[in-house]
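Residue-level structure breakdown
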Amino acid sequence: MVALDRNATLLGLSPGESVADARARVPDLHVATSDAVGDARALEALADWAQRYAPIAALDRQSATVSGSIGGDAGLWIDATGCAHLFGGEEAMGLDLRHRIEKLGFSARVAIAGTPGAAWALARYAEAAEGVIVADPEAERERLASLSVAGLRLPAVVVSALMRLGLKRIEDLAAAPRAPLVARFGEVLARRLDQALGLIEEPLAPVRAAPAFRTRLVFPDGIGNPEDLALAAHRLCERLSGSLDRAQKGVRKLELAAYRFDGEVGKIAVGFGRPVRDPDRMFRLLRDRIAQIDPGPGVEVAILSALIAEPTIAVQTPLLAETREAGDEVASLVDRLAGRLGETSVHGLAPIDSHLPERAQRRRAPLATAKKDVWRTQRRRPQRLLDRPEPLEDTLALLPDHPPARFRWRGRTHRVTRADPAERIADEWWREQKPTRDYFRVEDEDGRRFWIRRDGLTEKGDTPSWSLHGLFA
Amino acid sequence: MNIPMANLLPFPPGAPGAAPRLFDLRRQIGRLERGAGAGIPAVVPLGVDAIDGHLPFRGLPLKRLHAVVAAGEREAGAATGFLLSLAIRVMQAEPGPVLWCGRHPELYAPALADYGLDPGRLILVRARSEVDRLWAFEEGLRTKGLAVAVAELEKPLDLAGSRRLQLAAERGTTGFALRLDGGDAAASAVETRWRIASASSVAPAEDAHGVGNPRWQVTLERCRGGRPGHWLMEKNDATGDLSLAPSLRDRPDLPARARVAG
């Protein structure tokens, strides 16, 4: 058995027992198969959801090794520093949190304290079945002192050994000489105690980095249609722009998260080629995607975050104003195109130093030309290169080494009237051995020019295969 | 404004150089009025006197919508080559990137660099649907700061659609609608429409069987304020220059002379 609900715990069952033993004592025990992966995913989703309260939410991954945690090992922290006033104080925030989690179908205990350790201990071991435990900063240490040492997030073996030594409460442990305890149980004991008491810092490991800039809007009655959401997004863009402006920064990646009444979170993210803080530019890109958010039963909180923010160059020389404006227009165009068609659909081309023709260019972000590219052009290359060479039929070469005298492409025969000598392209030696490749630039009787490829050599016993790889001007 | 009086005096009819100077003046005025929409457009000359002289403003109008149509489904290479030659001339006159929208633009940058077009200025846009391509094209045409916007289209532009694009171009960027599949181009409000087919080349001096400079049958099908026309053109691969080619085939001594005379 991995986890028990409150009733099962009250019956005296404990995690780690076998189901058979438990059934012997409680015949009508309800057993469900544990799904550790699913649980972890659900907890992560919950942490994501919890960011509606504050930007930093962290998973409690260590509880798995701690004994006696009620209701399984699931736990999460929210760094509520500076956020509680948005909800009408700490108690109101905690109640709201508990209420909502329960509506999502979980049972939860909520404690608010000065350190992650204290909050962890209070949530699990303090006597307060109802409501929310809010530790008064003045009385937090006393309150913690009366709790079981199990509240210190220690390994189960350590907890039971401490119990046997008569060190049952945190105050017992705090009063005992430290050196021998550390010698016996390890440094973790001292660390957990100090963390709980706030003597040393314990940073949370957030599910994801807190955005540098974040702004939120709350709709007590919820909003259900995309137009209202768009209005909200515009308002958020204006606010975020204000914060960015004060910091002389612009956003490169923007995320709009819509928190629904049913706990679902709809998110859209847009990227910018350059740091942006013009609210209208931010909004234009978001607007195109807002339809992707399904308001479902209604959106109650909308949060706009600058996931990536970078400094902008504030100085504008009047001489360059026109050039700069033109550059901004192009950057904004690229953002709009990428917003609607997808980021990979808008790109520039960069050279690669490869003698395989199809590998000599690669895609790169548009407008990313820091320095002048060097394109190697030794021989004639087609202005249009087909992604996949198209096989040719009915190809006739007068001699094995000659260009084709005629070929059939897409159902029509072309007679070759002119051709350049073959250009041999050896494969890059570290790649797998392929047949020798030759290219011919040929012209048909109407002057059309094609780049024809021959794979394999007759003299080596291969049957050459012919294909069309490109079109010339 | 400080224009020397002499330049404003009317030329006696038929005086040598009168017409070109008049055109220069018109072009100057056009430049001054650029952005005002209508009026005489700023132009870039193609560098081929016969064609530039045929065009109403002695060159290809900037900030207008032009169409280049392949004369058949197998003329995609020729149509692309001709369009690139025009685009390069516009890019010399206008700073900024080139937006190229297509279903799957097959442009090959090493060859473009060789052709005289800096691939660093290219922004490629891949859009599967014609609607998206047209949208991207129109957004590009509206944008000040681009040098050229190109769209590879698969359907003819209708009158209303091309008017819209033409209006967008007048406020923003020179545009080229490119039809590669040999499809028909319906009547549309483009400034110029060119139909391009390949023509046999003349062997280079060093290889009697080799492939020479590209040649195209260029038909100006539509030209606002001008007349249709037809030329056999050659592009010098070494210099990038365009010239008229003699219609006789396989006379290797002619192209160079034709340029001087043209």
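On a predicted model such as this, the values are computed, not experimentally measured, just so you know.

Attention now moves to the overall build of chain B. Each helix and strand counted, chain B has 8 helices and 11 strands in total. The long-range fraction of contacts in chain B, counting pairs at least 24 apart against all pairs at least 6 apart in sequence, stands at 65%. Counting only carbon and sulfur atoms, one obtains 55% of the accessible surface of chain B, whose full area is about 11,000 Å².

For the rest of this paragraph, the subject is helix α10 (residues 187–197) of chain A. Residue and element names in this part refer to chain A. Every buried residue of α10 is listed here: L189, A190, R192, L193, D194, Q195 and A196. Along its buried surface, α10 packs onto α5 (116–125), α6 (140–145), α7 (156–164), α8 (170–175) and α9 (178–185). Downstream of α10 by one or two residues, G198 has phi in the positive range, about 80°.

The subject of this paragraph is the nonpolar core. In this structure, V68, F176 and W194 of chain B are the most contacted members of the largest nonpolar core, which totals 61 residues. Take this core: its biggest share by element is 11 residues, from helix α4 (residues 76–93) of chain B. Within the second largest apolar cluster, 30 residues are counted, among which are F213, I223, L244 and A306 of chain A.

With that settled, the discussion passes to the sheet that holds strand β6 (residues 249–260) of chain A. All names here are of chain A. Reading across the sheet, the 4 strands line up as β5-β8-β6-β7 and stay open at both edges, with antiparallel pairing between neighbours. Of all the strands in the sheet, just β5 (213–223) and β7 (265–276) have a single pairing partner and so form its edges. Averaged over all pairs of adjacent strands, the angle between strand axes in this sheet comes to 15°, irrespective of strand direction. In the sheet, β6 pairs with strand β8 (residues 299–311) via 11 bridges, with the strands oriented antiparallel. Bridge pairing links G250 to E310 in β8. Strand contacts of helix α11 (residues 226–246): β5, β6, β7 and β8, with the helix running at about 155° to β5, the strand carrying the most contacts.

Moving on to the packing of α9 of chain A against α10 of chain A. All names here are of chain A. Packing of α9 against α10 leaves a shortest axis separation of 6 Å and a crossing angle of 125°. Here α10 runs oblique to α9, going by the angle between their axes. Contacts between α9 and α10 pair R178, L181, V182 and F185 from the former with E187, V188, L189, A190, L193 and D194 from the latter. The class makeup of the residues in the contact of α9 with α10 is 7 nonpolar, no polar and 3 charged.

Going through the model one piece at a time under the given rule, you end up with 9 aromatic pairs over all chains. Taking the centre distance of 5.9 Å and the plane angle of 75° together, the rings of W49 of chain A and Y53 of chain A count as edge-to-face. Positioned above the aromatic ring of W135 of chain B, the side-chain terminus of R340 of chain A is 4.3 Å from the ring centre. For R441 of chain A, the ring lying beneath its charged end belongs to F472 of chain A, and the centroid distance is 5.5 Å.

With that settled, the discussion passes to the confidence of the model for chain A. Looking at chain A as a whole, its pLDDT mean stands at 83, while 91% of the residues score no less than 70. The model gives residues 314–319 of chain A a pLDDT under 50, and that stretch makes 3 contacts with residues more than four places away or in other chains.

The next subject is the interface of chain A and chain B. Contact with chain A, which involves 55 residues of that partner, is made by 64 residues of chain B. Interface area for chain A against chain B, summed over the two sides, is near 4,800 Å², with a carbon-plus-sulfur share of 53%. Three residues stand out in chain A for area buried against chain B, namely Q383, R384 and R418 of chain A, and they jointly supply 17% of the buried area on that side. On the surface where chain A and chain B come into contact, there are 7 salt bridges. A salt bridge links R340 of chain A to D132 of chain B; the nearest nitrogen and oxygen atoms lie 2.8 Å apart.

Glancing now at the pattern of salt bridges. On inspection of all chains with the given rule, the structure shows 51 salt bridges over all chains. Linking D237 of chain B and R380 of chain A is a salt bridge whose minimum nitrogen-to-oxygen distance equals 3.9 Å. With D237 of chain B in the loop between β10 (229–235) and β11 (242–244) and R380 of chain A in the loop between β10 (361–364) and β11 (384–391), this pair bridges two chains.

Our focus in this paragraph is the sheet that holds β10 of chain B. Taken together, the 11 strands give an open sheet; going across it, the order is β10(A)-β9(A)-β5(B)-β4(B)-β6(B)-β7(B)-β3(B)-β8(B)-β9(B)-β10(B)-β11(B), and neighbouring strands pair in mixed fashion. Where the open sheet ends on each side, the last strands, each with one partner, are β10 of chain A together with β11 of chain B. Ignoring which end each strand starts from, the neighbouring axes of this sheet average 30° apart. The sheet contact formed by strand β9 (residues 346–351) of chain A and strand β5 (residues 122–126) of chain B spans 2 bridges and is antiparallel. Bridging from a neighbouring strand, V346 of chain A pairs with V125 of chain B of β5 of chain B.

Turning our eyes to something else, we now look at the pairing of strand β6 (residues 148–153) of chain B. Residues and elements named next belong to chain B. Across the 6 residues of β6, 6 count as buried, placing the element largely inside the fold. Both faces of β6 are covered, namely the face carrying V148, V150 and E152 and the face carrying A149, A151 and L153. Alignment of strand β4 (residues 98–102) against β6, held across 4 bridges, turns out to be parallel. Its bridge partner being in β6, V98 is matched across the sheet by V148. Pairing analysis gives 6 bridges linking β6 to strand β7 (residues 174–179), with the strands arranged parallel. For V150, the partnering residue across the bridge sits in β7 and is F176. Taken together, β6, helix α7 (residues 159–171) and β7 form a β-α-β motif whose crossover is right-handed.

Looking now at the packing of α11 of chain A against helix α12 (residues 279–289) of chain A. Residue and element names in this part refer to chain A. At a closest axis distance of 8 Å, the pairing of α11 and α12 adopts a crossing angle of 145°. For the element pair α11 and α12, the recorded crossing hand is right-handed. In this structure, α11 contributes A230, A233, H234, C237, E238, L240, S241 and L244 to the contact, and α12 contributes P279, D280, M282, F283 and L286. Partitioned by chemical class, the residues of the contact of α11 with α12 number 9 nonpolar, 2 polar and 2 charged.

Excluding glycine, a negative phi dihedral is what most residues carry, and trans is how most peptide bonds are arranged. Phi is positive for Q248 of chain A, which is not a glycine, with a value near 55°. Here Q248 of chain A falls in the partly exposed class, since its relative accessible area comes to 37%. Phi is positive for K63 of chain B, which is not a glycine, with a value near 55°. The exposure class assigned to K63 of chain B is buried, which follows from its relative accessible area of 15%.

Attention shifts here to a nonpolar patch on the surface. Residues L396, L398 and L399 of chain A make up a contiguous nonpolar surface patch of roughly 290 Å² in combined accessible area. Position of L396 of chain A among the secondary structure elements: in strand β12 (residues 393–397).

Procedures and definitions
Residues numbered from 1 in each chain as written. Chains lettered and ligands numbered in written order. Predicted model: local features only at pLDDT ≥ 70, side-chain atom pairs only at ≥ 80, totals over all residues. Heavy atoms only, no water. Helix = DSSP H or I, 4+ residues; strand = E, 2+ residues; numbered from the N terminus. Contact = heavy atoms within 4.5 Å. Areas by Shrake-Rupley, 256 points an atom, 1.4 Å probe, with all protein chains shown as cover. Buried < 20%, exposed > 50% of the residue type's maximum accessible area, 1.4 Å probe, protein only. Core = buried A, V, L, I, M, F, W, Y, C linked by side-chain atoms within 4.5 Å. Pairing = 2+ DSSP bridges. Axes fitted to C-alpha atoms, helices over the stretch in contact; angles between N-to-C directions. Parallel < 35°, antiparallel > 145°, perpendicular 65-115°, else oblique. Nonpolar A, V, L, I, M, F, W, Y, C, P; charged D, E, K, R; others polar. Phe/Tyr/Trp six-rings, centres within 6.5 Å; stacked < 30°, edge-to-face > 60°. Lys NZ or Arg CZ within 6 Å of the ring centre and 35° of its normal. pLDDT = per-residue confidence, 0-100. Buried area = accessible area lost by both parts, 1.4 Å probe. Salt bridge = Lys/Arg side-chain N within 4 Å of Asp/Glu carboxyl O. Right-handed = clockwise from strand over helix to strand, strands pointing away. Left-handed = near helix turned anticlockwise from the far one by under 90°. Patch = residues over 30% accessible without salt bridge, like charges linked within 9 Å, V, L, I, M, F, W, Y side chains within 5 Å.

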